[in-house]
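Residue-level structural notes
Each chain is listed here by its residues.
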Amino acid sequence: MKLSRKNGLRASAIGALVVTGAMVLSACGSDNNTGGTTDGDKKTAAASNIKCDGAKGQLLAAGSSAQKNAMDLWVKNFQAACSGVEVNYQAVGSGAGITQFNQGRVAFAGSDSALKDEEVAESAKICKTGKGVNLPMVGGPIAIGYKLSGVDNLVLDASTIAKIFDNKITKWNDPAIAKLNPGAKLPASTIQAFHRSDESGTTQNLGKYLSTAAAADWKHDPKSKSWPAQGGQAANGSSGVSTAVKDTEGAIGYFELSYATSNKISTVKVNTGAAAPVEATTENASKAIAAAKVKGTGMDMALSLDYTTKAEGAYPLILVTYEIACDKGNKAENLPTLKAFLNYTVSEEGQKVLSEAGYAPLPAEIATKVRAIVPTLS
C-alpha cells in the first residue's frame, strides 16, 4: 500500500485531528498533512517538542510495510509540527525500498533486515563520500495470525510453524498441533497458509527464526527475502496477508502485531520451552529485543537478534526495522529534513507512540546510541 499524496484535499481534516488529539491515537491513517498551520496546530506542535531544525519541502522514502502504521503516526505528527513539510513514505517492502535507495530515488529506506555487504557496496555509488548505514528504529513481534472457528487459544512451537509453512502439516487436526493444544476442538479441514508475494524483511526474519529455532524442519535459505518454500498462497505486503487471513476460514499467516490488532485477528502463542507459551505482545517482544547485540561497526547499528531465547515471557519471533540512510554524502536539499525527521522518530516522544500502534519501542541502550548518530549524518 502506498502512502496517500492527496495533501491539499485533506489538510483541513488533518488539522482538526491535531486539535482534538485524535491524530496521535490513529495507527492506520495514511493521509499526509502539509501547508499552513492554525493557532491550534502551533500550540499542539509546541507542546509536542518536535524540533523542525530547518526541515522543508518533500522527503521521499520507501520500504518496509512492517513499519507502515508506525510511519503513518510519525509522519502525521511531524508534518503537524513542521509547516510546509511533506514526508512521503511508500510501503513497498524492504527489498524494493533498498533498491530505490541505492538508485538514489529516496532519501532513506525502511528495511526489516540489515543491508547485505553487496548492498552496502552499491550504496557507496549514491552516498558518494560515504555508505548506507542501518539505524534501528522500530521493534516488534511478528505475529502468527490465524482464523479458525471455535479455537481462540492456539499454541504452536517453532517446529509446527515450520512444517505448516513448508506444507508438511496440512490439516488443522494434525497430531503435532493436537499435542500442543489438548482439549481444543481442531477441525479436520485443510490449513490455508499465506505468505508474502513481495521481497520482505518480515519473510527474512521469519526464515531466520525458523532456521534457528527449528533447524531440523526448515532447510531454506534464512537470508532470503523472497518466500523460499513450495505451496501456500501469496499476498502482497503485510496488509495483503493480514486481509487474506481475516477473510479466509482455516487461514494462517505472518505479519506485524499492528496488523493483527487493527484487523482483530487471533494470534498464536509460541511454546518456546519456557514455563508457559508466550503471547505476541509489545512487552514480550521488548524482552527478546533487549537481548540483541550490536554487530555493526562505526555509525552502523545492525543488530544480532536471539531467536532461540527461552526466557520467561520473551516472545522470540521478532524483527527490528532499520531506517537506512547515508552516513555521509546525503543530498544537501534533503539533509535538514532527513535529520529532523529521524531525530523525532528515535526521540523519547517518537518511540512512546509505538506501543499504541502495536510496536515495541527500542531498548534504552540502543535508542541512546541511535540518538547520538542521527545528528552526525552529513
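What comes next concerns the included structure. (Residues numbered from 1 in each chain as written. Predicted model: local features only at pLDDT ≥ 70, side-chain atom pairs only at ≥ 80, totals over all residues. Heavy atoms only, no water.)

1. So, the overall build of the protein
To keep things clear, this is the line we draw: Every helix listed is a DSSP run of H or I at least four residues long, and every strand listed is a run of E at least two residues long, numbered separately from the N terminus. Each residue gets one of three labels from its accessible area relative to the maximum for its type: buried under 20%, exposed over 50%, partly exposed in between, using a 1.4 Å probe on protein chains only. Any pair of residues with heavy atoms lying within 4.5 Å of one another is described as a contacting pair. Using a 1.4 Å probe, the Shrake-Rupley method yields the accessible areas, and only the shown protein chains count as cover for residues.
Along the protein, the regular secondary structure elements total 15 helices and 13 strands. With 378 residues in all, the protein has 56% of them scored as buried. At a minimum sequence separation of 6, the contacts of the protein that also span at least 24 residues come to 76%. Accessible area for the protein stands at about 15,000 Å²; split by element, carbon and sulfur atoms hold 51% of it.

2. So, the packing of helix H7 (residues 158-165) against helix H9 (residues 201-213)
Basically, it comes down to this: Axes, fitted as lines to C-alpha atoms, cover a helix only where it is in contact. Angles between the N-to-C directions of the axes lie from 0 to 180 degrees. Oblique is the label for any angle not covered by the other classes, which are roughly parallel (under 35 degrees), roughly antiparallel (over 145) and roughly perpendicular (65 to 115). The handedness criterion is simple: a crossing whose near helix is rotated anticlockwise from the far helix by less than a right angle is left-handed, and one whose near helix is rotated clockwise is right-handed. In this classification, the charged set is Asp, Glu, Lys and Arg, the nonpolar set is Ala, Val, Leu, Ile, Met, Phe, Trp, Tyr, Cys and Pro, and all remaining amino acids, among them Gly, are polar.
Running from N to C, H7 and H9 cross one another at 125°; their axes reach a closest spacing of 9 Å. As the angle between them shows, H7 and H9 are arranged oblique. Considering only the axes of H7 and H9, their crossing is left-handed. Two secondary-structure elements touch here, H7 through Ala158, Ile161 and Ala162 and H9 through Tyr209, Leu210 and Ala213. Broken down by class, the residue content of the contact of H7 with H9 amounts to six nonpolar, no polar and no charged.

3. With respect to the pairing of strand E8 (residues 251-256)
To keep things clear, this is the line we draw: The criterion for strand pairing is that DSSP finds at least two bridges linking the strands in question.
Burial within E8 is extensive, with six of its six residues counted as buried. In the sheet, strand E4 (residues 132-147) pairs with E8 via six bridges, with the strands oriented antiparallel. Residue pairing for E8: Ile142 is matched across the bridge by Glu256. Note that strand E6 (residues 192-196) and E8 share two bridges and pair parallel. Bridge pairing in E8 links Gln192 to Ala251.

4. What about the state of the cysteines?
Using the following cut-off: Here, a disulfide means two cysteine sulfur atoms that sit within 2.5 Å of each other.
Tallying each qualifying case throughout the model produces two disulfides. In this model, Cys52 is linked to Cys82 through a disulfide, with the two sulfur atoms separated by 2.1 Å. Around the S-S axis, the bridge from Cys52 to Cys82 shows a dihedral of about -100° and counts as left-handed. Separated by 30 residues along the polypeptide, Cys52 in the loop between helix H3 (39-48) and strand E1 (57-63) and Cys82 in the loop between helix H4 (68-81) and strand E2 (85-90) bring together distant segments of the chain.

5. Topic: helix H10 (residues 237-247)
By the burial criterion, the buried members of H10 are Gly237, Ser238, Ser239, Val241, Ser242, Ala244 and Val245. Where H10 is buried, its residues meet E4, E6, H9, strand E7 (233-235), E8 and helix H11 (257-263).

6. Here we look at helix H6 (residues 117-127)
We apply this condition: Summarising the geometry, the arc corresponds to the directions from the helix axis toward the C-beta atoms.
Residues of H6 that are buried include every one of Glu119, Ser123 and Cys127, and no others. Viewed along the axis of H6, the buried residues span an arc of 80°, placing them on a single side of the element. Turned more than 90 degrees away from the buried face of H6 sit Asp117, Glu118 and Lys125, all of them exposed. For H6, the secondary structure elements touched by its buried residues are helix H5 (94-102), E4 and strand E13 (318-326).

7. Considerations on the environment of Asn205
Quick reminder of the rule: Under this definition, polar contacts are N or O atom pairs within 3.5 Å; protein pairs additionally need one hydrogen-donor-capable and one acceptor-capable atom, and for neighbouring residues in sequence, both atoms have to be side-chain atoms.
Relative to the assigned elements, Asn205 resides in helix H9. Once the C-alpha coordinates of Asn205 and Pro222 are considered, the two residues, 17 residues apart in sequence, prove to be 7.8 Å apart. Excluding residues within four positions of it along the chain, Asn205 makes contact with Asp112, Ser113, Ile142, Leu305, Tyr307, Leu317, Ile318 and Leu319. A polar side-chain atom of Asn205 sits 2.5 Å from the main-chain carbonyl oxygen of Asp112. In terms of polar contacts, Asn205 uses its side chain to reach the backbone carbonyl oxygen of Gly201, at 2.7 Å.

8. So, the pairing of E13
Judged by how many residues are buried, E13 sits mostly within the fold: nine of nine residues are covered. Of the two faces of E13, both are covered, the one formed by Ile318, Val320, Tyr322, Ile324 and Cys326 as well as the one formed by Leu319, Thr321, Glu323 and Ala325. Pairing between strand E3 (residues 108-111) and E13: three bridges, direction antiparallel. Its bridge partner lying in E13, Gly110 is registered against Glu323. Sheet topology places E4 next to E13; nine bridges connect them, and they run antiparallel. Following the sheet pairing, Gly140 is matched in E13 by Leu319.

9. Section: the packing of H4 against helix H13 (residues 335-346)
At a minimum axis separation of 10 Å, H4 and H13 run at an interaxial angle of 115°. The handedness of the crossing between H4 and H13 comes out as right-handed. Counted together, Met71, Trp74, Val75, Asn77 and Phe78 of H4 and Thr337, Ala340, Phe341, Tyr344 and Thr345 of H13 form the full contact between these two elements. The residue makeup of the contact of H4 with H13, split by class, is seven nonpolar, three polar and no charged.

10. Remarks on the side chain of Asp166
Of note, Asp166 is situated in the loop between H7 and helix H8 (175-180). A polar atom in the side chain of Asp166 sits 3.2 Å from the side chain of Lys168. Setting aside its immediate chain neighbours within four residues, Asp166 contacts Asp217, Trp218, His220 and Ala229.

11. Comments concerning unusual backbone geometry
One non-glycine residue with positive phi stands out, namely Asn167, at about 65°. Locating Asn167 in the fold gives a position in the loop between H7 and H8. Asn167 gets classed as partly exposed once you look at its relative accessible area, which sits at 47%. Despite not being glycine, Lys264 shows a phi value in the positive range, around 55°. We classify Lys264 as exposed; its relative accessible area is 79%.

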